[in-house]
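Each chain is listed here by its residues.
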Amino acid sequence: MSIDIETARKVAHLARIRVEEDRLPALAAEFNDILGFIEQLNEVNVDDIEPMTSVTPMRLKRREDVVTDGGYPEKVLSNAPDARVGFFAVPKVVE
Amino acid sequence: MSDLTKLTIAAAREALSKGETTAVELTEACLAEIEAADALGAFVHKTPEIALDQAKAADARIKAGEATAMTGIPLGIKDLFCTMGVASQAASGILDGFKPEYESTVTQNLFGAGAVMLGKLNMDEFAMGSSNETSVYGNAVNPWKVDERALTPGGSSGGSASAVAADLCLAATGTDTGGSIRQPAAFTGITGLKPTYGRVSRWGIIAFASSLDQAGPMTKSVRDSAIMLGAMAGHDPKDSTSANIPELDFEAALTGDIRGKVIGIPREYRLDGMPAEIEKLWDEGKAMLADAGAKLIDITLPHTKYALPAYYVIAPAEASSNLARYDGVRYGHRARLGSGEGITEMYEKTRAEGFGAEVQRRVMVGTYVLSAGFYDAYYNRARKVRALIKRDFDEAFDQGVDAILTPATPSAAFGLGEMAEADPVQMYLNDVFTVTVNLAGLPGMSVPAGLDAKGLPLGLQLIGKPWEEADLLNTAYALERAAGFVSKPAKWW
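Throughout this description, residue numbers start from 1 for each chain and increase along the sequence as written. Chain letters start at A and ligand numbers start at 1, both assigned in the order the entries are written. With pLDDT at 70 or above as the cut-off, local features in this predicted model cover only qualifying residues; side-chain atom pairs require 80 or more to be listed or tallied, and sums for whole chains, interfaces and linings still use all residues. Excluding hydrogens and water, the side-chain values take into account all heavy atoms of the structure.

The name given to chain B in an unreviewed UniProt entry is Glutamyl-tRNA(Gln) amidotransferase subunit A, with the source organism recorded as Sinisalibacter lacisalsi. As stated in UniProt under Catalytic activity (unreviewed entry), the record for chain B gives "L-glutamyl-tRNA(Gln) + L-glutamine + ATP + H2O = L-glutaminyl-tRNA(Gln) + L-glutamate + ADP + phosphate + H(+)". UniProt positions are given in the numbering used here, feature names are shortened, and annotations may be inferred rather than shown by experiment. Under the heading Function (unreviewed entry), UniProt records this for chain B: "Allows the formation of correctly charged Gln-tRNA(Gln) through the transamidation of misacylated Glu-tRNA(Gln) in organisms which lack glutaminyl-tRNA synthetase. The reaction takes place in the presence of glutamine and ATP through an activated gamma-phospho-Glu-tRNA(Gln)."

As recorded by an unreviewed UniProt entry, chain A carries the name Aspartyl/glutamyl-tRNA(Asn/Gln) amidotransferase subunit C and is attributed to Sinisalibacter lacisalsi. Reading the Sequence similarities (unreviewed entry) entry of the UniProt record for chain A gives the comment "Belongs to the GatC family." Taken directly from UniProt, the Subunit (unreviewed entry) text for chain A runs: "Heterotrimer of A, B and C subunits."

Take a look at the structure:
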């Protein structure tokens with residue numbers, strides 16, 4: 001599997017990271033190095049092996065679906081780059 | 001008392017309880033060392049006021065006869081831990097200015113036990129790196145020096161390793177996703193422990209790869225690791241993967257008696273082209289454990305070779321998901337927008353400006369391996385290989401193996417900048433001996449065991465059974481006593 005410039009551009013967009021056009025060839029080359037390394041996994045026989053979901057044999061804990069925390073919007077907003085009247089502020093999303 | 005900052009936790013505990021020193025004296029001594037050690041780049045946010053307040057409270061507690069083993073012990077805290085009101089930014093520009101409104105469970109446990117926070121420690125950005133060269137704060141530097149070169153302290157917990165080795169603090173917290181406690185510990189001649197996955201709460205630790213991340217102690221002795229693990233660990237309802245199992249007194253397990261213990265020697269860890277010094281150290285370690293009465297057996301962990309490639313699918317995949325939250329909305333950096341730019345541009349510019357090159361690379365690799373059409377070929381295949389890697393260990397333990405001895409790293413510390421031109425995969429090879437342990441969720445320790453020909457420290461790794469940190473620590477204690485590693489870096493900073 002070889003990654004071309006178009007794929008690199010698409011992946012950067014999916015990851016929501018702006019990559020300047022002139023950086024894309026180098027990025028594609030780095031992806032190819034890493035993916036070439038990962039390709040070794042194809043040598044392994046994984047027939048009848050279940051993908052690991054939990055490294056220790058534990059069942060994720062359940063709890064009642066109730067509110068256990070909250071009620072301090074000023075703390076939640078205290079680190080926001082832009083917060084106004086109790087809300088996070090972002091550029092206009094809907095016209 | 002002189003040389004207060006050189007004390008182990010155990011020695012400081014004794015001096016404090018006898019009244020030979022105070023927590024304030026210990027703390028002031030560390031703060032003075034930190035002030036004089038900016039050349040190491042270890043402490044990136046210093047918190048002297050908090051430290052002195054905590055030290056005074058610790059002295060009162062000691063006086064009242066209510067001290068724990070950690071009361072009054074000055075620590076450095078890796079920047080990955082959220083500490084209330086104190087900058088916590090995972091060495092990333094994207095969390096510039098972030099001051100949490102909450103305290104991580106681990107730091108809460110330590111401070112609740114009376115420990116003192118001297119400040120926050122340098123690291124690789126989001127714990128992604130093996131040399132501490134991806135930090136927004138600049139490099140942390142190894143206190144060990146054998147020529148004109150500045151050496152890496154390893155990574156990602158490079159600041160923690162540098163600070164402990166240079167006696168800026170008595171011990172430090174680290175985190176380990178693929179070797180980030182054990183490799184820097186080996187590079188700096190200190191002891192580092194990655195506990196069993198689930199032993200220590202991950203709550204409030206900035207996430208990298210959630211199925212692999214685990215916090216642990218970085219200390220000057222095995223005993224100190226036992227003491228500090230006891231204070232860090234414990235069931236936490238806020239972390240759904242935190243194990244609800246009884247707490248042990250890890251220190252009480254340190255008898256040094258390992259007679260009859262079975263130590264596995266995995267043949268796959270003998271790499272082609274491995275430096276002769278690493279092989280020699282490994283042989284010496286085997287002899288030390290055999291002399292102490294352990295029985296050595298050869299074992300096979302056939303899927304070892306595939307651990308790094310599996311890791312470089314799973315860890316970036318989880319990172320791409322975890323790091324999606326850094327979007328310029330809730331905390332940290334937000335890019336300035338030009339006219340006509342909207343929310344997509346805000347996300348893309350914010351993340352391009354805030355994340356460094358290695359983090360961007362891993363987020364994008366993770367995005368790719370999780371994308372439609374490749375999920376099965378990469379991500380699911382890697383999770384199947386991970387199951388096989390764990391099965392290798394399970395089979396070794398089923399044969400009666402109590403612990404596994406390997407080298408900690410494939411080399412001693414290298415020079416900062418020396419890997420700059422190498423492709424990313426070359427840097428990843430640093431974790432070849434440690435990454436299997438994270439994939440299998442096991443406890444692992446790095447114990448300093450010798451010096452190379454140039455005089456740089458080398459470490460051996462011991463891998464234990466799940467939840468058997470007490471037994472692992474005892475084996476490490478026997479190895480530590482036999483190795484008798486006492487070298488310290490000569491002060492140049």
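The next point concerns the overall build of chain B. Within chain B, the regular secondary structure consists of 15 helices and eleven strands. Radius of gyration: C-alpha atoms only; globule rule: 2.2 Å multiplied by the number of residues to the exponent 0.38. Scaling as 2.2 N^0.38, a compact globule of 493 residues should have a C-alpha radius of gyration of about 23 Å, and chain B matches this with 21 Å. Remark: exposure states derive from per-residue accessible area (1.4 Å probe, protein chains only) relative to the maximum for the residue type, with buried under 20%, exposed over 50%, and partly exposed in between. Here chain B holds 493 residues, and the buried ones make up 65% of them. Contacts in chain B between residues at least 24 apart in sequence constitute 76% of all its contacts with a sequence separation of at least 6. Note on areas: these come from Shrake-Rupley sampling with a 1.4 Å probe, and a residue is covered only by the protein chains present in the view. Accessible surface for chain B amounts to roughly 15900 Å². Of this, 50% is attributable to carbon and sulfur atoms. Distance between charge centres in chain B, computed from 46 positive and 61 negative side chains, equals 3 Å. In DSSP terms, a helix is any run of H or I states spanning at least four residues, a strand is any run of E spanning at least two, and both are numbered starting from the N terminus. Contact criterion: two residues are considered in contact whenever any of their non-hydrogen atoms come within 4.5 Å of each other. Positive charge is attributed to Lys and Arg, negative charge to Asp and Glu, and no charge count is given to His or to the chain ends. One atom stands in for each charge, and that atom is NZ of Lys, CZ of Arg, CG of Asp or CD of Glu.

This part is about the confidence of the model for chain B. Confidence of the prediction at every residue is given by pLDDT, a number between 0 and 100. Confidence in the prediction for chain B averages 96 pLDDT; 100% of positions are at 70 or higher. Interface confidence in the predicted complex, given as ipTM, is 0.95; pTM for the same model is 0.97.

With that out of the way, let us pick up helix α7 (residues 222–232) of chain B. Residues and elements named next belong to chain B. With respect to burial, α7 is a largely interior element, nine of its eleven residues being buried. Residues of α7 that are buried include every one of V222, D224, S225, A226, I227, M228, L229, A231 and M232, and no others. N or O atoms closer than or at 3.5 Å make up a polar contact, with two conditions inside protein: a donor-capable atom paired with an acceptor-capable one, and, for residues adjacent in sequence, both atoms drawn from side chains. The distance from a side-chain oxygen at the start of α7 to the backbone nitrogen of R223 is 3.5 Å, and the residue carrying that oxygen is S221.

All names here are of chain B. Pairing of aromatic side chains here covers Phe, Tyr and the six-membered ring of Trp, requires ring centres within 6.5 Å, and sorts the geometry by plane angle: under 30 degrees stacked, over 60 edge-to-face, intermediate tilted. Tallied over the full model, the rule gives 17 aromatic pairs over all chains. Relative to Y428, the ring of Y312 has its centre 3.6 Å away and its plane inclined at 5 degrees; by these criteria the two rings are stacked. Linking Y312 in helix α9 (residues 307–322) with Y428 in helix α13 (residues 424–428), this pair joins segments that are 116 residues apart in sequence. On the numbers, 6.5 Å between centres and 25 degrees between planes, the contact of F393 with F397 is stacked.

Moving on, we come to the side chain of T47 of chain B. All names here are of chain B. Tracing the sequence through the fold places T47 in the loop between β1 (43–46) and α3 (48–63). T47 sits in the buried class, given a relative accessible area of 5%. Not counting chain neighbours up to four residues away, the residues in contact with T47 comprise V86, M117, L118 and G119.

What follows covers the pattern of salt bridges. Here a salt bridge means any side-chain nitrogen of Lys or Arg lying within 4 Å of a carboxyl oxygen belonging to Asp or Glu. Counted under the stated rule, the structure contains 34 salt bridges over all chains. The shortest N-O distance in the salt bridge between D167 of chain B and K220 of chain B comes to 2.7 Å. With D167 of chain B in the loop between α5 (158–165) and β4 (171–176) and K220 of chain B in the loop between β6 (214–219) and α7, the pair connects residues that are 53 residues apart, well separated along the chain. Exposure remark for D167 of chain B: the relative accessible area of 5% places this residue in the buried category. Of the residues examined, K220 of chain B reaches a relative accessible area of 18% and is grouped as buried. Among the ionic pairs, E469 of chain B bridges to R199 of chain B, the shortest N-O distance being 2.7 Å. Residue E469 of chain B is found in helix α15 (residues 469–483), and its partner R199 of chain B is found in the loop between β5 (191–194) and β6; the two are separated by 270 residues along the sequence. What you see here is one network of salt bridges that share partners, running through R23 and E30 of chain A together with E358, R361 and R362 of chain B.

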